[in-house]
Amino acid sequence: MSDLARSQNQETFVLNLGPQHPATHGVLRVKLTMDGEYIVEAEPVLGYIHRMHEKMGENRTWAQFMPNTARLDYLGALSYNHGYVKVVEQAMGIEVPERAEYIRVITVELNRIASHLLWFGAFVLDLGGFTPLLYAFDDREHILDLLESVTGARLTFCYFRFGGLYNDIDDDFVTGSRAFIKRLRKRMPDYHNLVTKNIILITRLKDIGILPGEMCRKYGATGPVLRGSGVDYDVRKNEPYSVYPELDFDVPVYSECDSMARYMVRMDEMEQSMRIIEQALDKLPAGPIMPEKVPKILKPEPGDYYSAVEAPRGTFGIRVVSDGTNKAYRLKLRSPTFSNLSLFGEASQGMLLADALALMGSLDLVIPEIDR
Amino acid sequence: MMFIPEPLRLLAFVVGIIAFIALNAAYLVWLERKVAGHIQRRIGPKEVGPFGLLQPLADGLKLMSKQLLVPKGVDPYLFKVAPLLVLVPAVMSFVTIPFSENLVARNIDIGLLVIFAFASVNVMGLLLGGWGSANKYAVISAARCVSQNVAYEIPMLITVITMIMVTHTMNLNEIVMQQDGSLLNWYIFRLSASPLMPVAFLIFFTCSLAETNRAPFDLGEAESELIAGYHTEYSGMGFGVFFMGEYANIIIGCSLATILFLGGWQCPLGLYPGWWWFLAKVYLLIFCVMWIRWTYPRTTLWGLLNLSWKYLIPISLVNLLLTGAMIKLWPLLKTFLMGAS
């Protein structure tokens, strides 16, 4: 269509999608060059909520940077906590007690379900269906209550400590988690009946927003976006960390590459997270949640350290360079949505505005994590 | 009714119709929010007055007290006239709608034609509003609204032509009179007129959803794409009038469906016909409209046009042919059956 416009010398116009727009779920601006309702060119404009987290990392002690990690992707904060403590533990050579590792996995997976539930609601809202959002929030509320009881926060968690956890979980949390999983298992068929099998939704997602695996690799897309394009890559399986190798779970992969595939990957991931939590609760060992000796002031050996975790939106990598002082010399965050968004420009060319917004919804963007 | 002078009677009806529309627009919003609330497992408005019943008044006061902003760069004339072009035809359409046998402002023989003539003006309002706003989102929305309305007026009118062939009249009163007696005399169940009658009702209902820009066909104001569509730039009562017009159009669509297919003011059992039956049926249909809105996601423009041109128009054309055939064949068949027995 764009070629048609050029060949006929038709006029195009620039449409500013954002910084305030209902579909961008935050302060993202996309500069669209439009030919009627077709997109000729799309350019995401970032920087509206840049807060210099990486620079802050150079000016704060290792422990002081901890809360910052929860403010990158506020919907999956615990994964980012995990990534950060993991790299510092690696640098310091701290051993984490097994109980703490299990609790980390349980809480991170609960957080992943909460994040996917919110995405599910917001995505269907993008497609014009209001009601599933409220249902999803209802379920998510239970997770937030559970996490609040152990972490003290409902959104910006700061739960992990170098070497372990801030707080042990109690029996109420265990029974509460089991009850929640039972509840969500019953709710999933409702979601599938209301949304997944809806003919309007299927026509809007099937074969629309194709992201070939090659394009995903080119832009470094990870997480459900990559797995919806037929590439079987999950940090939890490919570079196992924590106690994931001891737990039995599958990595959902769909090779259709369309928006529906990404939708299905996330829906299946919720099921898998429930499996992980159940197994982890069964295997939960007794013991301490912090190692006996953790130095009060951390001064890692000078060196270059990298560690990655599977966050709800993809691979969250963190690289720190230590010069042996109590602060990082350089701290680099590799956030998944930044890469996932960067393919939007190429992928949305020639698409209809409505379809492009469905594609954008299926990328599951969290803007503060793109603009760090 | 007979002893009231005609001008006075008309004045009373005009005042009554405007009051009816204003009240309905206000309380349908309340109902919509309550319905949405209960579908979404929450309560809906409850703070202002008992059950939130005064909420529409509070909303109305708020809208009326807001400044009417006319943004820089708009066409001031079109911008101001557009909301009226949506509301006024809707009010005019009510003139011929019979609430009961006597409760009708003007019982004229071309009632159906008058309503469709006025209903077509509605899209002018949306187009001019979007165009006059000089806002890119509003212009896209206006273009969508026009193509949507054109596409859906065709199957709707074909269905209406079918009904006129069956009823032999465009007088709405007479159409309702033909359906008196029991439920089975309603045109939706009159399979002897055309075996596809229930399908015709569904086509008509779907088209009236699309004509009034209601979900799942609310492409004109798809807020996740076009922010608020053609009324993005309107504030205060400018927006309020668009809103009233939209609800008035929903009432008209549901009223017509009731009159043509569901027996108007007739009781399902043939007892005590009256305006209460008419209103009950209309509100039931309006409830269905809301139910659909809060259940389905939105279609895309091409999905919407495909539905119209590939499904609704062919089906309604088949229905038209079938009805014509039935009109000729049914009397023959009847005499044949009578002769056989």
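Read on for a plain summary of the structure. (Residues numbered from 1 in each chain as written. Chains lettered and ligands numbered in written order. Predicted model: local features only at pLDDT ≥ 70, side-chain atom pairs only at ≥ 80, totals over all residues.)

**Section: the overall build of chain B**
How we decide: Put simply, DSSP marks the helices as runs of H or I at least four residues long and the strands as runs of E at least two long, and each gets a number from the N terminus on. Restricting the calculation to C-alpha atoms gives the radius of gyration, and the globule rule supplies 2.2 Å times the number of residues raised to the power 0.38.
Secondary structure assignment for chain B yields twelve helices and zero strands. Order of helices (α) and strands (β) in chain B, N terminus to C terminus: α-α-α-α-α-α-α-α-α-α-α-α. The C-alpha radius of gyration computed for chain B amounts to 21 Å, which stays within 12% of the reference 20 Å derived for 341 residues, consistent with globular compactness. With respect to the three principal axes, the spread of C-alpha positions in chain B is 75 × 50 × 45 Å.

**What about the environment of B:Leu196?**
All names here are of chain B. Worth spelling out the cut-off: Exposure is read from a count of other C-beta atoms within 10 Å of each residue's own; the residue is exposed at 12 or fewer, buried at 20 or more and partly exposed in between. C-beta atoms are placed from the backbone. What counts as a contact here is a pair of residues whose C-beta atoms, placed from the backbone, lie within 7 Å.
Mapped onto the fold, Leu196 is located in the loop between α7 (172-177) and α8 (197-211). Owing to 21 C-beta atoms within 10 Å, Leu196 belongs among the buried residues under this scheme. Sequence separation between Leu196 and Val318 is 122 residues; the distance between their C-alpha atoms is 9.0 Å. Residues in contact with Leu196, not counting those within four places in the same chain, are Asn319 and Leu322.

**Things to note about the pairing of strand β7 (residues 314-322) of chain A**
One face of the sheet, then the other: side chains in a regular strand alternate in exactly this way. Residue and element names in this part refer to chain A. Inclusion rule: Following DSSP output, two strands are said to pair if at least two bridges run between them.
Two strands pair when backbone bridges link them, and strand β6 (residues 303-311) and β7 are joined in this way by nine bridges, in the antiparallel orientation. Pairing of Ala308 across the sheet is with Gly317, part of β7. As consecutive antiparallel partners, β7 and strand β8 (residues 328-334) are separated by five residues, and within that stretch Gly324 has a phi angle of approximately 85 degrees, a positive value.

**Details of the sheet that holds β6(A)**
All names here are of chain A. Put simply, the rule reads: Convention adopted: a line fitted to C-alpha atoms gives each axis, helices being fitted over their contacting stretch, and angles between N-to-C directions are expressed from 0 to 180 degrees.
One open sheet accounts for three strands, arranged β6-β7-β8; its pairing is antiparallel. Lying at the two open borders of the sheet, with one neighbouring strand each, are β6 and β8. Across the sheet, the mean angle from the axis of one strand to that of its neighbour is 15 degrees, orientation sign disregarded. Along the sheet face, helix α4 (residues 77-92) touches β6 and β7 and points at about 150 degrees away from the line of β6.

**Topic: the packing of α8(B) against helix α10 (residues 236-261) of chain B**
Residues and elements named next belong to chain B. For clarity, the threshold we go by: Convention used here: angles under 35 degrees read as roughly parallel, angles over 145 as roughly antiparallel, angles from 65 to 115 as roughly perpendicular, and any remaining angle as oblique. Crossing handedness is defined as follows: a turn of the near helix away from the far one that is anticlockwise and smaller than a right angle gives a left-handed crossing, while the clockwise case is right-handed.
Between α8 and α10, the shortest axis-to-axis distance is 10 Å and the interhelical angle comes to 165 degrees. In this view, α8 runs roughly antiparallel relative to α10, as classed from their interaxial angle. Handedness of the α8/α10 crossing: right-handed. Residues Phe201, Phe204, Phe205, Ser208 and Glu211 of α8 lie in contact with α10, whose contacting residues are Gly253, Ala257, Leu260 and Phe261.

**Some remarks on the interface of chain A and chain B**
This is how the line gets drawn: Residues are grouped as follows: Ala, Val, Leu, Ile, Met, Phe, Trp, Tyr, Cys and Pro are nonpolar; Asp, Glu, Lys and Arg are charged; every other residue, Gly included, is polar.
Opposite the 26 residues of chain A that make contact, chain B presents 22 residues. Contributing elements (two or more residues each) for the side of chain A that touches chain B: β1 (13-17), α5 (98-126), α6 (131-151), α8 (199-205) and α15 (353-363) of chain A. For the side of chain A that touches chain B, the class distribution of residues is 15 nonpolar, six polar and five charged.

**Some words on the nonpolar core**
The criterion, for reference: In this description, a nonpolar core means buried residues of the types Ala, Val, Leu, Ile, Met, Phe, Trp, Tyr and Cys, linked to one another by C-beta atoms lying within 7 Å.
By size, the foremost hydrophobic cluster in this structure holds 195 residues, and its most contacted members are A:Ile39, B:Tyr187, B:Phe204, B:Ala248, B:Ala257, B:Leu260 and B:Phe261. In terms of residue count, the dominant contributor to this core is α5(A) (17 residues). In contact with B:Ala248, not counting residues within four places along its chain, are B:Ile21, B:Ala25, B:Leu87, B:Ala90 and B:Val91.

**Looking at the environment of A:Val124**
Turning to its location among the elements, A:Val124 is positioned in helix α5. Considering only alpha carbons, one finds A:Val124 and A:Leu194, 70 residues apart in sequence, at a separation of 11 Å.

**A few points about helix α7 (residues 171-196) of chain A**
Residues and elements named next belong to chain A. Quick reminder of the rule: Multiplying one less than the number of residues by 1.5 Å gives the expected span of a helix. Values of bend correspond, residue by residue, to the angle between axes fitted over the seven residues ending at that residue and the seven starting there.
With 26 residues, α7 ought to run about 38 Å at 1.5 Å a step, and its terminal C-alpha atoms sit 35 Å apart, in line with that. Taking the largest bend as the criterion, α7 deviates by roughly 25 degrees, centred on Arg187, and proline Pro189 comes between one and four positions later. Contacts made by the buried residues of α7 are with α5, α6, α8 and α12 (259-283).

**Some words on the sheet that holds β1(A)**
Residues and elements named next belong to chain A. Taken in spatial order, the three strands line up as β1-β2-β3 in an open sheet, and their pairing is antiparallel. Two strands bound the open sheet, and with one partner strand each, they are β1 and β3 (38-45). Neighbour-to-neighbour, the strand axes of this sheet turn through a mean angle of 25 degrees, independent of strand direction. Summarising the sheet, strand β2 (residues 29-35) and β3 pair through seven bridges and their orientation is antiparallel. In the strand pairing of β3, Asp35 is matched with Tyr38.

**What about helix α3 (residues 76-93) of chain B?**
Because each turn of an α-helix spans 3.6 residues, side chains separated by three or four positions in sequence point in the same direction. Residues and elements named next belong to chain B. When the terminal C-alpha atoms of α3 are compared, their 27 Å separation across 18 residues agrees well with the 26 Å that a helix rising 1.5 Å per residue should span. Maximum bend of α3: about 25 degrees, positioned at Ala82, with proline Pro83 one to four residues after it. Inspection of α3 places Phe79, Ala82, Pro83, Leu85, Val86, Leu87, Pro89, Ala90 and Ser93 among the buried residues, and these make up the whole buried set.

Nothing here speaks to function; it is all geometry.
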